[in-house]
Amino acid sequence: MAEIIGVRFKNVGKIYYFDPDGNRLRQGDRVIVETSRGVECGEVMMVNRDIAEDAVPQPLKKLIRVATKDDLRRLEDNAAKEKNAFQICARKIEAHKLEMKLVGVEYTFDNSKILFYFTADGRVDFRELVKDLASVFRTRIELRQIGVRDESKMLGGLGICGRPFCCSTFLSGFQPVSIKMAKEQGLSLNPVKISGTCGRLMCCLKYEQEAYSDLLRSTPPVGSLVSTPEGRGVVNEVNLLTGLLHVRLENAAEGATKTFRVKQVKVLRAGKGKRLSQEELEKLKNLEKS
């Protein structure tokens with residue numbers, strides 16, 4: 001068994017494991033550790049616990065120290081420097097006439113590197129910009145292009161539900177979301193209604209997908225030929241959550257439908273459901289991009 005602690009470096013970021021090196025820590029403690037980016041200050045999110053050796057990513061680096069008052073003061077100083085660096089970089093981007101949008105700036109704890117996060121529609125040649133920034137800050141400069149989802153996560157905001165973005169409050173990573181999920185959940189495939197502020201499919205489509213997938217396995221799709229207590233008919237509408245089917249009976253007047261529960265019908269021939277046209281698919285394709 002190996003003793004570990006879980007440390008997070010961003011408000012809603014991934015948790016990384018470290019060896020506490022004999023220290024007993026509490027949730028919320030600030031600690032100094034060594035990462036692939038250098039020495040960093042993070043927050044303890046998972047207190048001391050023992051887990052199997054083979055479940056620990058190797059090599060497991062040791063805690064350097066619990067953050068001191070000087071360390072916390074440095075964090076505050078770095079935050080102030082980041083605001084100044086953002087303004088300087090924004091002016092340099094404008095001066096170089098680059099088609100890119102600066103989103104955020106991050107100083108590493110030991111000031112050995114400054115990371116500038118930006119978005120752009122395509123590739124950007126920022127070599128001259130890096131040289132310019134390096135001459136100003138006299139340290140290593142890294143420009144990192146991010147997607148629109150990451151931009152929303154960094155900036156935060158309110159979703160169409162009126163609540164803060166999931167990605168900036170509790171989602172530590174992005175799960176794949178597809179048009180198929182919106183279709184299976186019976187949602188309008190209007191891009192405006194199923195996309196978030198970032199312009200991509202809403203992350204919350206993933207939350208109930210498992211339940212919908214389970215219901216779909218036992219519910220005949222639209223177009224299925226079924227046998228009902230009142231005769232044969234074709235399913236023309238389905239409500240997965242209530243388990244109700246609207247069936248157009250063969251012996252009923254044209255256009256008339258009757259409602260049955262899933263357990264009341266027997267599938268004689270499964271339908272294929274409603275298919276999207278190629279034109280509709282093209283319009284929705286961009287919503288799935290990261």
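Definitions and limits used
- Residues numbered from 1 in each chain as written.
- Predicted model: local features only at pLDDT ≥ 70, side-chain atom pairs only at ≥ 80, totals over all residues.
- Heavy atoms only, no water.
- Helix = DSSP H or I, 4+ residues; strand = E, 2+ residues; numbered from the N terminus.
- Buried < 20%, exposed > 50% of the residue type's maximum accessible area, 1.4 Å probe, protein only.
- Contact = heavy atoms within 4.5 Å.
- Axes fitted to C-alpha atoms, helices over the stretch in contact; angles between N-to-C directions.
- Left-handed = near helix turned anticlockwise from the far one by under 90°.
- Nonpolar A, V, L, I, M, F, W, Y, C, P; charged D, E, K, R; others polar.
- Pairing = 2+ DSSP bridges.
- 1 Å grid on protein atoms, 1.4 Å probe; cavity = no way out; pocket = protein on both sides within 12 Å on 5 of 7 lines; lining within 4 Å.
- Points joined across faces, edges and corners; volume = space filled by probe spheres on them.

Peer 1: What exactly am I supposed to notice about the environment of Ile-4 here?
Peer 2: Its place among the elements puts Ile-4 in strand 1 (residues 2-8). Overall, the relative accessible area of 0% leaves Ile-4 in the buried class. With 43 residues separating them in the primary sequence, Ile-4 and Val-47 have C-alpha atoms 7.8 Å apart. Sequence-distant contacts of Ile-4, that is, excluding residues within four places in its chain, are made with Tyr-17, Phe-18, Pro-20, Met-46, Val-47, Asn-48, Arg-49, Ile-51, Val-56 and Leu-60.

Peer 1: I would appreciate a short explanation of the packing of helix 1 (residues 69-96) against helix 2 (residues 127-137) in the present structure.
Peer 2: Each pair of packed helices can be described by the angle between their axes along with the distance between the axes. Close contact between helix 1 and helix 2 brings their axes to 10 Å; oriented N to C, the two are set at 140°. Judged by the twist between their axes, the crossing of helix 1 over helix 2 is right-handed. When helix 1 is examined against helix 2, the residues Ala-85, Ile-88, Cys-89, Lys-92, Ile-93 and His-96 are found in contact with a partner set consisting of Glu-128, Leu-129, Asp-132, Leu-133, Val-136 and Phe-137. Across the contact of helix 1 with helix 2, the residue classes tally to eight nonpolar, one polar and three charged.

Peer 1: How should the sheet that holds strand 8 (residues 140-145) be read in this particular structure?
Peer 2: Hydrogen bonds between backbone groups are what pair the strands of a sheet, and the pairing can be parallel or antiparallel. As summarised here, the arrangement of the three strands in space is 6-7-8, forming an open sheet in which the pairing is mixed. Of all the strands in the sheet, the pair left with one neighbour each is strand 6 (101-107) and strand 8. The average undirected angle you get between the axes of adjacent strands in this sheet is 20°. Contacting strand 6 and strand 7 (113-119), helix 1 crosses the sheet at an angle of about 145° to strand 6. Helix 2 rests against strand 6, strand 7 and strand 8 of the sheet, and its axis sits at about 140° to strand 8.

Peer 1: What should I look at first to understand the sheet that holds strand 10 (residues 231-239) in this one?
Peer 2: Spatial strand order, 12-11-10-9-13: five strands in an open sheet with antiparallel pairing. A single partner strand is all that each edge strand has here, and the edge strands are strand 12 (258-261) and strand 13 (266-269). The average undirected angle you get between the axes of adjacent strands in this sheet is 45°. Alignment of strand 10 against strand 11 (residues 244-249), held across six bridges, turns out to be antiparallel. Bridging across to strand 11, Asn-239 finds its partner in Leu-244.

Peer 1: Would you mind showing me how to read the layout of surface pockets here?
Peer 2: Gaps left between atoms are located by rolling a probe of water-molecule size over the structure's atoms. The space that makes up the largest pocket amounts to roughly 1,800 Å³. Elements represented by at least two residues in the lining of the largest pocket include exactly strand 2 (15-18), strand 3 (30-35), strand 4 (38-51), helix 1, strand 6 and helix 3 (148-155). Considering every element that reaches the lining of the largest pocket, the biggest residue donor is helix 1, with six residues. When grouped by side-chain class, the residues that make up the lining of the largest pocket number 23 nonpolar, 10 polar and 15 charged.

Peer 1: Please explain the pairing of strand 6 as it appears in this structure.
Peer 2: Each regular strand displays side chains that alternate between the two surfaces of the sheet. For strand 6, the buried fraction is high: six of the seven residues fall into the buried class. Where strand 6 and strand 7 come together, six bridges link them in antiparallel fashion. Paired with Glu-106 across the two strands is Leu-115, which belongs to strand 7. Counting the residues that bridge the hairpin from strand 6 to strand 7 gives five residues, and of these Asn-111 lies at a positive phi of roughly 65°.

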